[in-house]
Amino acid sequence: MMTDRQKQLVKNAEAHRQLVLDAERWLWAHPQTGYTEWQANEYLVEKYESLGYELVKAGNIPGFYTDIKTGRPGPTLCIMGELDALDIANHPESVNGMTHCCGHNGQSAALLGLAAAFKEPGALDGLSGTIRLMAVPAEEMIQLSFREELRKQGTIHYMGGKVEFMYRGFFDDVDIAMMVHGGGSKTDIDFSCGLGNNGCMAKTITYKGRSSHAGGAPHLGINAQYAAMLGLQACNDLRETFQEKDTIRFHPILMGAKVAVNIIPDEMKIESYVRGRTIEAMKRENKKVNRALAGAALAMGAGVELCDRPGYSPEIHDPAFMKLVEQCCGQLVGPDRVDFDYEEWSSGSSDFGDVTCVMPGVQFSASGSQGTAHGIDYYVADPERMCVNSVKAQLFVTDALLSNDGAAAKEIIAGYKPQYPSIKAYFEAIDDFILDKDAVIYDENGNATVDFQNN
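Residues numbered from 1 in each chain as written. Predicted model: local features only at pLDDT ≥ 70, side-chain atom pairs only at ≥ 80, totals over all residues. Heavy atoms only, no water.

### Observations concerning unusual backbone geometry
Then, number 1: Phi is positive for N96, close to 55°, though the residue is something other than glycine.
Then, number 2: By the secondary structure assignment, N96 is in the loop between strand 4 (86-87) and strand 5 (98-99).
Then, number 3: Note on N96: relative accessible area 71%, which makes it exposed.
Then, number 4: Positioned with a positive phi, A138 is a non-glycine residue whose angle comes to about 55°.
Then, number 5: Structurally, A138 is set in the loop between strand 6 (130-136) and helix 5 (144-153).
Then, number 6: Residue class for A138 comes out buried when judged on its relative accessible area of 0%. (Helix = DSSP H or I, 4+ residues; strand = E, 2+ residues; numbered from the N terminus. Buried < 20%, exposed > 50% of the residue type's maximum accessible area, 1.4 Å probe, protein only.)

### A short note on the pairing of strand 12 (residues 267-276)
In regular strands, side chains alternate between the two faces of the sheet.
Then, number 1: With eight of 10 residues buried, strand 12 is to be regarded as a mostly interior element.
Then, number 2: With two bridges connecting them, strand 11 (residues 253-254) and strand 12 associate as antiparallel partners. Within the sheet, the bridge partner assigned to I253 lies in strand 12 and is E271. (Pairing = 2+ DSSP bridges.)

### Looking at the packing of aromatic side chains
Then, number 1: Going through the model one piece at a time under the given rule, you end up with 13 aromatic pairs.
Then, number 2: Each ring, one from Y48 and one from F64, has its centre 5.1 Å from the other, and the planes form 75°; the classification is edge-to-face. Here Y48, found in helix 3 (residues 38-50), pairs with F64, found in strand 2 (residues 64-69); they are 16 residues apart in sequence, far enough to count as distant. This pair shows no difference in class: Y48 is buried, exactly as F64 is.
Then, number 3: If you follow K119 out to its NZ or CZ, it ends over the ring of Y53, 4.4 Å from the centre.
Then, number 4: Residue placement shows K283 over the ring face of F433; its charged tip is 5.6 Å from the ring centre. (Phe/Tyr/Trp six-rings, centres within 6.5 Å; stacked < 30°, edge-to-face > 60°. Lys NZ or Arg CZ within 6 Å of the ring centre and 35° of its normal.)

The following block contains the structure:
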């Protein structure tokens, strides 16, 4: 049963329904991948500024945030929407090989709807603290070589957009965070949420061989492709040593040999993640993976360069915050259309996990898609449910958190036990992932030195 206040919040959202639906379609038609989302950035900047918002822009990368002051002291709540699409050229509606087949277009459209709804008369009545609306780039951990080049240039320091925004200080004064992921194809469930999901680390593996004529003199070459295949087989043979409680995932992709068919390939690059339920498990199993990769290079007389980078930390939702969100969603659509599982764990990853390392956060899902997430059959089938309902639910949650002098938010914040006591301590922990190493080095006599770990 909705209160009179909640009924007014629904009206505030409905007043901007067409803005949200138009934004969802525009963003779907203009997909760009992480750290290149300038079209979406410019579109949304224009929309926010036309609503009267002053934006803090990231500058040399897409993304921005704006603060909504209630006029009363209290916690700062950050609500996010993601900008990036995926490389998936065989999607029927791909644009330049890219598609929003993870629903980020719906998130950003809903965030714009929130911005508009907060401008309605009385929208901030009874609220305390600050609402930070944040458009964030680069959630999908893809195009690792491109991001590594940005890192080397000093444009970014971390692969993921939220992690980069944390590094830039955009979360320094934030106390609690939430976002709604567009997705879910269940017709009888409007909102869902689990306890959390895996973290991941990013890996670029480069096998180095020696080129020669593939038909006339293969004995003079060292086949980097064969070394890579052997390395991946060794990693596959490790899978039974991964404990189920750690939910380890390793899913490499060969990036292709850059030579002709009649040349022994002298280089083969692989991109992959090591995912896991805890940072400790990821570090432990990654050592096994690196050992296997180095051993394969040694067996073939090849070299292998290991480049490990911090990816995303495990995402753990605060149960108390989940309970509040579940109640708000139930008040909007009915409790029978809400599915919150306080034990469910996903083996996927998101950089929202990095946020939950230092503050309470919940990322829940709004249904309305059809097809397979990250698949060629993914579409936004019902933007009313995915986007407009998302606006309403987030208005309900914001109101519940920040009303009554922010009592609910303050209680959640006080009861939360973060994995790290500060953002600084968090960065110290994830920086331990960084590895740049030629793991197998040969002397003039062909003797090898193998070193695949951080010193």
